[in-house]
Amino acid sequence: MTYPADPGELAARYLHHLAGERGLARNSVLAYRRDLRRYHEYLTARGVCSLTDVDEATLGAFAAALRTGDDEHPPLAAASVARMLVAVRSLHRFAAREGDVAEDVSQPIRPPAPPRRLPKALTVDQVLAVLAAAAGGVITPDGDRQEAPGESAQARAAGAGDGPDDVIAIGDGGDPAETVRRLRSTALLELLYGTGARISEAVGLDVDDLDLDPVAAAVRLHGKGGRDRVVPLGRCAVAALSAYLVRGRPALVTPASGAAVFLSRRGGRLSRQSAWSALRAAAVTAGIEGVSPHVLRHSFATHLLDGGADVRVVQELLGHASVRTTQIYTLVTVDRLREVYAAAHPRALDDRGPRRDAASTAAAGTQPALPPQPDLHRLGASPGQLV
């Protein structure tokens with residue numbers, strides 16, 4: 001026996017199910033809510049008041065409307081349409097399972113397959129430049145750090161370790177508020193790149209989630225679907241976080257701050273938008289375009305794989321539920337391997353024709369050129385320490 005099912009009421013129940021029973025992250029639930037609201041508006045505008053009146057043709061027309069857009073909504077890309085149809089199909093599957101409709105009419109509908117895009121990753125030098133810009137300094141092309149305008153010797157010494165390849169020093173320029181901002185930005189960006197954390201995971205950290213013991217430093221990240229994971233912290237991230245917690249966070253704390261690690265200037269938990277802005281400001285200063293928190297996450301994964309890390313280990317560090325999600329980063333590494341092969345193998349062809357083999361090169365009294373390697377040592381840590 002079937003029952004008329006109001007789309008709005010069913011969507012509310014389904015969202016409660018996602019948050020309460022399946023434990024989806026808040027941002028994921030909000031995304032489902034936005035998509036299902038659009039679907040509900042579409043049905044209401046066409047006089048469809050129950051999911052029992054929806055058929056395969058209705059769903060096909062909805063998908064077409066998403067691609068073409070209307071006066072109120074711009075056309076959506078294939079990836080956005082696919083995401084929205086996944087939400088709609090999930091709602092219909094839930095309604096059928098709960099007995100509100102006789103069958104799941106959305107089952108034959110297949111979301112469009114978006115073009116597969118490789119994740120963008122920065123080079124190690126680009127990451128260094130962004131981190132230096134956040135701290136108020138500049139990394140030159142040869143890897144040396146230039147002094148920031150107005151930076152004091154005390155500021156240069158703060159965070160400096162045993163050598164020039166240690167932690168990037170923080171410039172203060174004589175302004176305490178600016179010093180605090182740079183300390184916070186540097187700690188945030190070192191954490192994002194050093195752990196591959198999502199931006200929501202970083203701003204959601206509490207002080208108790210950090211273990212800054214130099215021997216076994218680690219951070220507990222609260223990932224999607226209520227899945228926590230513990231990720232090691234490298235020396236650079238430990239030094240930046242320690243400097244912020246000692247010299248930066250106390251200046252921002254208010255009675256309402258709670259245990260949040262990253263605080264806004266008003267003392268509340270730093271928002272995702274403010275954290276994004278800190279990264280964008282550092283990238284603009286460094287002269288690097290297309291940088292986002294997720295690009296740092298991609299860079300973390302790509303640099304680990306380039307350094308020889310196992311894809312299963314990277315999966316655990318990123319908090320991916322399936323290794324298939326992580327394997328897309330191996331495609332980036334395969335492209336790099338092709339470049340190295342084309343440049344180094346004696347039977348590979350380049351613009352100048354086949355290369356001489358190593359034996360003939362050695363016989364000529366010259367050393368064969370080595371393929372370019374990721375410049376990980378400049379970070380002051382081995383590939384294993386970069387996590």
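Every chain begins its residue count from 1, and numbering advances along the sequence as written. For this predicted model, a pLDDT threshold of at least 70 governs which residues receive local features, and a threshold of 80 or more governs which side-chain atom pairs are given and counted, while totals over whole chains, interfaces and linings are taken from all residues. As a convention, hydrogens and water are excluded, and side-chain values are obtained from all of the structure's heavy atoms.

### Focus on the packing of helix α2 (residues 26-45) against helix α3 (residues 56-68)
Then comes step 1: Under this scheme, a helix contributes an axis fitted over its contacting stretch, all axes are lines through C-alpha atoms, and angles between N-to-C directions fall in the 0 to 180 degree range. Each helix is a run of H or I in the DSSP string that is no shorter than four residues. Each strand is a run of E no shorter than two, and both are numbered from the N terminus. Relative orientation of the contacting elements α2 and α3 amounts to 115°, with a least axis distance of 11 Å. Classified by the angle between their axes, α2 and α3 sit roughly perpendicular to one another. Viewed along their axes, α2 and α3 form a crossing whose handedness is right-handed. Contact residues: R38, Y39, Y42 and L43 in α2; T58, L59, A61, F62, A65 and L66 in α3.
Then comes step 2: Each residue is assigned to one of three groups, with Ala, Val, Leu, Ile, Met, Phe, Trp, Tyr, Cys and Pro labelled nonpolar, Asp, Glu, Lys and Arg labelled charged, and all others, Gly among them, labelled polar. Residues belonging to the contact of α2 with α3 are distributed by class as follows: eight nonpolar, one polar and one charged. Any angle that is under 35 degrees is reported as roughly parallel, and any over 145 degrees as roughly antiparallel; angles of 65 to 115 degrees are reported as roughly perpendicular and all others as oblique. Two helices cross in a left-handed way if the nearer one is turned anticlockwise from the farther one by less than a right angle. They cross in a right-handed way if the turn is clockwise. Between two residues, a contact is recorded if the distance between any of their heavy atoms is within 4.5 Å.

### Section: the nonpolar core
Then comes step 1: Counting residues in hydrophobic clusters, the biggest one holds 54 residues, and the most contacted among them are L189, L233 and F262.
Then comes step 2: Looking at this core, the element that brings in the most residues is helix α7 (residues 176-195), giving eight residues.
Then comes step 3: The contacts of F262, once residues within four sequence positions are left out, are R184, A187, L188, L191, A202, L241, Y244, G268, R269 and L270.
Then comes step 4: Nine residue types can take part in a nonpolar core, namely buried Ala, Val, Leu, Ile, Met, Phe, Trp, Tyr and Cys, and a core is a set of them joined through side-chain atoms within 4.5 Å. Accessibility here uses a 1.4 Å probe with only protein chains present; expressed as a share of the type maximum, an area under 20% marks a residue as buried, one over 50% as exposed, and anything in between as partly exposed. Counting 31 residues, the second largest nonpolar core, distinct from the first, contains V48, F62, M84 and A95.

### Focus: the sheet that holds strand β4 (residues 218-222)
Then comes step 1: In this description, strands pair whenever DSSP reports at least two bridges between them. Strand order in the open sheet formed by three strands is β3-β4-β5, with antiparallel pairing between adjacent strands. The open sheet is flanked by β3 (210-211) and β5 (228-232), the only strands paired with a single partner.
Then comes step 2: Strand direction decides the pairing type here: β4 and β5, joined by five bridges, are antiparallel. Opposite A218, over in β5, you have P232 as the bridge partner.

### So, the confidence of the model for the protein
Then comes step 1: For the protein, per-residue confidence averages 79 on the pLDDT scale, and residues scoring 70 or more make up 75% of the total.
Then comes step 2: Residue range residues 138-166 is modelled with pLDDT below 50. Its contacts to residues more than four positions away, or to other chains, number 48 contacts.
Then comes step 3: Note on scores: pLDDT gives the predictor's confidence for each residue, bounded by 0 and 100. Note that pLDDT drops below 50 for residues 352-387; the model gives that stretch 62 contacts with residues more than four away or on any other chain.

### Remarks on the packing of aromatic side chains
Then comes step 1: Ring pairs shown here join Phe, Tyr and Trp side chains whose ring centres sit within 6.5 Å, with only the six-membered ring taken for Trp; geometry is labelled stacked below 30 degrees between planes, edge-to-face above 60, and tilted in between. The full count for this structure, using the stated rule, is five aromatic pairs.
Then comes step 2: Geometrically, the ring pair formed by Y14 and F94 is tilted, given 5.2 Å between the ring centres and 50° between the ring planes. With Y14 in helix α1 (residues 7-20) and F94 in helix α4 (residues 78-98), this pair connects stretches of sequence that are 80 residues apart.
Then comes step 3: The rings of Y14, Y32 and F94 are connected pair by pair, giving a single aromatic cluster.

### Remarks on the pairing of β4
On a regular strand, one side chain projects to one face of the sheet and the next to the other, so that they alternate.
Then comes step 1: Judged from the two bridges that link them, β3 and β4 form a sheet pairing that is antiparallel. Paired with D211 across the bridge in β4 is A218.
Then comes step 2: In sequence, β3 turns back onto β4 through a hairpin of six residues.
Then comes step 3: Hairpin connection, β4 to β5: the antiparallel pair is bridged by five residues, and G225 has positive phi, about 65°.

### Side note on the pattern of salt bridges
Then comes step 1: Within this document, salt bridges are pairs made up of a side-chain nitrogen of Lys or Arg and a carboxyl oxygen of Asp or Glu, the two lying within 4 Å of each other. If you walk through the whole model with that rule in mind, you get nine salt bridges.
Then comes step 2: With a shortest N-O distance of 2.4 Å, R181 and E178 are connected by a salt bridge. Highlighted residues: R181 and E178, both in helix α7, separated by three residues, approximately one helical turn.
Then comes step 3: Taking the relative accessible area as the measure of exposure, R181 reaches 34% and is therefore partly exposed.
Then comes step 4: A relative accessible area of 21% places E178 in the partly exposed class.
Then comes step 5: Between R182 and E178 there is a salt bridge, with the nearest N and O atoms lying 3.1 Å from each other. One end of the pair is R182 and the other is E178, both in helix α7 and four residues apart, which spans about a single turn.
Then comes step 6: Exposure remark for R182: the relative accessible area of 14% places this residue in the buried category.

### Re the packing of α3 against α4
Then comes step 1: The geometry of α3 relative to α4 is characterised by a closest axis approach of 10 Å and an angle of 150° between their N-to-C directions. Put simply, α3 runs roughly antiparallel to α4. As α3 packs across α4, the resulting crossing turns out to be right-handed. Contacts between α3 and α4 involve L59, F62, A63, L66 and R67 on the former and, on the latter, A78, V81, M84, L85, V88 and H92.
Then comes step 2: Along the lines of polarity and charge, the residues of the contact of α3 with α4 split into nine nonpolar, one polar and one charged.

### What about helix α5 (residues 124-135)?
Then comes step 1: Between the first and last residue of a helix there are one fewer steps than residues, each counted as 1.5 Å, and that sum is the expected span. Taking 1.5 Å of rise per residue, the twelve residues of α5 would be expected to cover 16 Å, and the 17 Å separating its terminal C-alpha atoms lies within 8% of that figure.
Then comes step 2: Within α5, ten of the twelve residues are buried, leaving the element largely enclosed by the surrounding structure.
Then comes step 3: Looking only at α5, the buried set comprises V124, V127, L128, A129, V130, L131, A132, A133, A134 and A135.
Then comes step 4: Phi turns positive, to about 95°, at G136, one or two residues after α5.

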